[in-house]
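Architecture and fold: a report
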Amino acid sequence: MTSVSTSAFYERSNQDLATLRARATALQGSISSGQRLTTGSDDPVAAARMRTLSRADSTAAIDQAVAARATSDLTLTDQALSAFADSLIRVQELATQAANGVLTASQRAGIATEIEQIHGELIRLANTRDGAGHALFGGNTSGAAYTIGAGGVPTYAGTATASDLPLGDGQSVTRGLTGPEFLNFNINGSPTDLFAVVKTLADALRGAVADPAQAARDAMGSLDTGLETITTQQTVVGARLNWIDLNTERQTQMGQLRAEEEAEVGGTDIALAVSQLQQTMTVLEASQASFARLASLSLFEMLR
Amino acid sequence: MSSDLLNIAASGVRAARAGLDVTSQNIANAATEGYVRRTLRQSEVALAGGYGRVGDLSLSGVRIDGLQRNADMFRQAEVRRTGGDAARAASELNTWQNVEAALEQARVFPALTQFENALQRLATDPVDPSLRTAVLEDARTLTRTFGIAANGLDTVAAGLQFDAAAGVGQVNLFAGQLAQLNVQLARATPGSSDQVSLLDRRDALLANLSDYADISASFAADQTVTVRIGGSAGPVMVSGNSAGTLSSTTAPDGTISFALGASPVTLSSGTLAAAQQGLVMVRDTRISLDTVADALIATANGAQATGVALDGTPGQPMFSGSGAAGIALALTSGSQLATAPAGAPASSRDPANLVAMRAAFDTADISGQASGLLFQVASATQGRKLTSEALDSIASGAKLALDSQAGVNLDEEAVNLVRFQQAFQASSKAIQVASDMFDTLLAIR
């Protein structure tokens, strides 16, 4: 017997309409939220991928903040190095003047005063603080990079190296320079530093040596070496800044790729979803219309 | 003989009247759950010819034999079996979805990412008090998300235990009703309207029972039922007028087991089976979550131990307790984070131990473990969704098949109504003919 009981007819119609309505609701939800996945079980693999991507997104945001921090530290370093170089060039000019044999002792003493001023300036520059208030040239120390000992002699108080900052994906950059890296150099095979060279020159011009003009001429070579060391280190800093730029650019590209993948994996294909919704609605309307027609078709209506 | 004709017509009127009654009963119950369409069983009454009366006509009309219930035993058994499976699958899916929601909405994974990111940000300036505090607060958030997840799982387990207890109560109630029904069925006359309505109730109770547990029913000649619980090899729950009592026992780990009297019962379908399996699954998920929490505790505390805090003292454990429910933040100040390596002076900006800590987190792959747990639950939920949909469509197919066969079709009843009305009118006409014939005979003078 293929006859359908009345309750079976209503139950089947009910199920069909409910299924269609549920599908339409799901499509509408995904269109209005723009997200294909509402819970992980909608598509576990895609949800796991989305987790990884959003984790990478938030990690990349931190990486960018770190890169910005490293850029600011290195830019400060670069500016300080320029200031060092300017001061050194001025000392070179003064040394050139002092090397002239016709100057009187008082004139040389005047030059010595200016050089002593520059010496003090160099020490202050070496103790520059970074954006967070830590010693820019002190490596990992949180105190001052140079302490002033007896007789105004600065001593390096920082750590041997500056630490590396992570830039993401296993890349890193050294955050700055330590004082000795650009202030210490060798003269004729013996180690010295810029402070000592400038201090010695000032003392010599004040008459600490028999021939101040010769001492000034001798100092010229040391000052040249010092300037060379500083400009070399400035190149290093520039290279590090470039490296950060390169990494930031790569991060941006990676971010774009991730955004594309997120849209592909977890986003709604609006065109597809809308056409599917339209299709579902058409079927739903047709089902409702045919249900209304069939339900009103009762033999009791016909038998009068 | 006109008196015979009168008798025949009278029996026809009675039969047509009964047919109209049955038809209108069917129409009235067209939407009644569990109502099975009745038809009238009737048979002809005619005497066999006797000795010397071979050629005689001896017709005596029609007799009402009783009501017939158009129920197909096989389809009813199918509805019970598939209904139990569908109920188990739906309930199991519900449990998985709750577990998934408990884990996803606790947001353990994002909190873990945030904590690890805070550690990375701290590397820019390991002595910055605000960055240190940020790490500490993110760690606190993380411990709370673990607590929320553990709490969510507890709630799911408590709900399942409540469902199981309520289900056991319902099963015992239905079993008791079936035992009472057996007594009434044994007394009912076959084919009587009393018996068919009792049978409707019996079948409805069996269908209800199979939503909770897998049962196997066998029927005696007098239509009384014997019910075994836990499949055809399980213990007898209802036999004659006696019904056993199902009980559940909760183990210390939250899982439950069932027993009928002293004999253990193994259920494979129905919501009780789903609750039992769901509790095992919640326990397993809980163990996995605890594993992730314990890995976090071990990794963070291990890394803390190899470094020194801001004041140069050895690092103290970051987390205390164990498991997702027990994890708590042990550090009270951001300065206690051991970012510098052992031997570093106070206020050192050396991030070596911080780097080591982040490397340890990467090696332990705690976020990977958390993501793996989420993936496992999500894919299990997805699998259950497919199973549930399939079993649901099978069950509704079986129900539709039974409804098509046993339910009321109003068009058919309308036709029957007209047919029995015509039969009634025709039999009434026969009475009139008999009367006319009698009058004709009396008028002979």
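Everything below is about the structure shown above.
The sections below set out a description of the structure shown in this document. Note on numbering: residues in each chain are counted from 1, in written sequence order. As a convention, the first chain written is A and the first ligand written is 1, with the rest following in written order. Only residues with pLDDT of at least 70 are given local features in this predicted model, and only at 80 or more are side-chain atom pairs given and counted; all residues enter the totals for whole chains, interfaces and linings.

1. Describing the overall build of chain B
Only DSSP runs of H or I reaching four residues or more are called helices, and only runs of E reaching two or more are called strands; each is numbered from the N terminus. Of regular secondary structure, chain B possesses ten helices and 13 strands. For chain B, the C-alpha radius of gyration of 38 Å lies well beyond 22 Å, the compact-globule estimate for 445 residues. Taken along the three principal axes of its C-alpha coordinates, chain B extends 145 × 45 × 30 Å. Residues counted as buried form 43% of the 445 residues belonging to chain B. Think of it this way: build a C-beta for each residue from its backbone, and any pair within 7 Å is a contact. Taking the contacts inside chain B whose residues are at least 6 apart along the sequence as the reference set, 74% of them involve residues at least 24 apart. For the radius of gyration, the atoms used are the C-alpha atoms, and the globule rule reads 2.2 Å times the number of residues raised to 0.38. Partly exposed residues are those whose C-beta has more than 12 but fewer than 20 other C-beta atoms within 10 Å; with 20 or more the residue is buried, with 12 or fewer it is exposed, and the C-beta atoms are placed from the backbone.

2. Regarding the overall build of chain A
Along chain A, the regular secondary structure elements total eight helices and six strands. Across chain A, helices and strands are ordered from the amino to the carboxyl terminus as α-α-α-β-β-β-β-α-β-β-α-α-α-α. Expected size for 304 residues packed as a compact globule is a radius of gyration near 19 Å; at 39 Å, chain A overshoots this value by more than 25%. Based on the C-alpha atoms only, the size of chain A along its principal axes is roughly 140 × 30 × 30 Å. Counting over 304 residues, chain A shows a buried share of 31%.

3. Overview of the sheet that holds strand β7 (residues 246-250) of chain B
All names here are of chain B. Read across the sheet, three strands follow the order β7-β8-β9 without closing on themselves; strand pairing throughout is antiparallel. Each having just a single partner strand, β7 and β9 (263-265) make up the two edges of the open sheet. Between one strand axis and the next, the sheet turns through 40° on average, direction left out of account. By definition, two strands form a pair when at least two bridges between them are found by DSSP. As paired elements, β7 and strand β8 (residues 256-260) share five bridges and run antiparallel to each other. Paired with leucine 246 across the two strands is leucine 260, which belongs to β8. Running at roughly 165° to β7, helix α4 (residues 129-187) makes contact with β7 and β8 of the sheet. Inter-axis angles, ranging from 0 to 180 degrees, are taken between N-to-C directions of lines fitted to C-alpha atoms, where helices are fitted over the stretch in contact.

4. With respect to the interface of chain A and chain B
Interfaces are often sized by the accessible area lost when the parts come together. On the chain B side, the residues contacting the 37 residues of chain A number 42 residues. Only α1 (6-33), α2 (44-98), β3 (164-168) and α8 (299-302) of chain A provide two or more residues apiece to the side of chain A that touches chain B. Sorting elements by how many residues they give to the side of chain A that touches chain B places α2 of chain A first, with eleven residues. Along the lines of polarity and charge, the residues of the side of chain A that touches chain B split into 15 nonpolar, 17 polar and five charged. In this count, Pro and Cys sit with the nonpolar residues alongside Ala, Val, Leu, Ile, Met, Phe, Trp and Tyr, while Asp, Glu, Lys and Arg are called charged and the others, Gly among them, polar.

5. Thoughts on the nonpolar core
Each nonpolar core comprises buried Ala, Val, Leu, Ile, Met, Phe, Trp, Tyr and Cys residues, the members being joined through C-beta atoms within 7 Å. One finds Ile115, Val198 and Leu201 of chain A together with Ala149 and Leu178 of chain B to be the most contacted residues of the largest nonpolar core, which totals 150 residues. With 21 residues, the single largest contributor to this core is α4 of chain B. Excluding residues within four positions of it along the chain, leucine 201 of chain A makes contact with Ala95, Ile115, Ala215, Ala216 and Ala219 of chain A. Among the nonpolar cores identified, the runner-up in size contains seven residues, and Ala15, Val62, Phe420 and Ala434 of chain B belong to it.

6. Considerations on the packing of helix α3 (residues 108-122) of chain B against helix α9 (residues 366-406) of chain B
All names here are of chain B. Where α3 meets α9, the axes come as close as 10 Å, and the angle between the chain directions of the two elements is 170°. Relative to α9, the element α3 lies roughly antiparallel. In contact with Val108, Phe109, Leu112, Thr113 and Glu116 of α3, α9 contributes Ile366, Ser367, Ala370, Ser371 and Leu374. Taken together, the residues of the contact of α3 with α9 sort by class into six nonpolar, three polar and one charged. Geometric relationships in this document are graded by angle, where less than 35 degrees denotes roughly parallel, more than 145 denotes roughly antiparallel, 65 to 115 denotes roughly perpendicular, and other angles denote oblique.

7. A word on the pairing of strand β4 (residues 171-174) of chain A
The pairing of β3 of chain A with β4 of chain A spans four bridges and is classified as antiparallel. Bridge assignment links proline 166 of chain A to a residue of β4 of chain A, and that residue is serine 172 of chain A.

8. Observations concerning the packing of α4 of chain B against helix α5 (residues 193-212) of chain B
Residue and element names in this part refer to chain B. It is the contact of α4 with α5, at a shortest axis distance of 10 Å, that shows an interaxial angle of 155°. By the angle between their axes, α4 is roughly antiparallel relative to α5. In this structure, α4 meets α5 at a crossing whose hand is left-handed. Facing α4, whose interface residues are Gly167, Gln170, Val171, Phe174, Gln177, Leu178, Leu181, Gln184 and Leu185, α5 presents Leu198, Arg201, Arg202, Leu205, Asn208, Leu209 and Tyr212. Each crossing is labelled by how the near helix is turned from the far one, with a counterclockwise turn of less than a right angle marking it left-handed and a clockwise turn marking it right-handed.

9. So, the sheet that holds strand β5 (residues 236-239) of chain B
Residues and elements named next belong to chain B. Strand order in this open sheet of four strands is β3-β4-β5-β6, and the pairing throughout is antiparallel. With partners counted over all chains shown, the strands left at the sheet margins are β3 (215-219) and β6 (242-243), one partner each. As paired elements, strand β4 (residues 225-229) and β5 share two bridges and run antiparallel to each other. Considered in β5, the bridge of valine 227 is made with valine 238.

10. Re unusual backbone geometry
All names here are of chain B. Unusually for a residue other than glycine, glutamine 223 sits at a positive phi of about 70°. Residue classification places glutamine 223 among the partly exposed positions, given that 18 C-beta atoms sit within 10 Å. Not every positive phi belongs to a glycine, and serine 347 is a case in point at roughly 60°. You can see serine 347 is positioned in the loop between β13 (340-341) and α8 (352-364). Taking the number of C-beta atoms within 10 Å as the measure of exposure, serine 347 has 17 and is therefore partly exposed.

11. Digging into the environment of alanine 274 of chain B
Position of alanine 274 of chain B among the secondary structure elements: in helix α6 (residues 271-305). Its 25 C-beta neighbours within 10 Å are what place alanine 274 of chain B among the buried residues.

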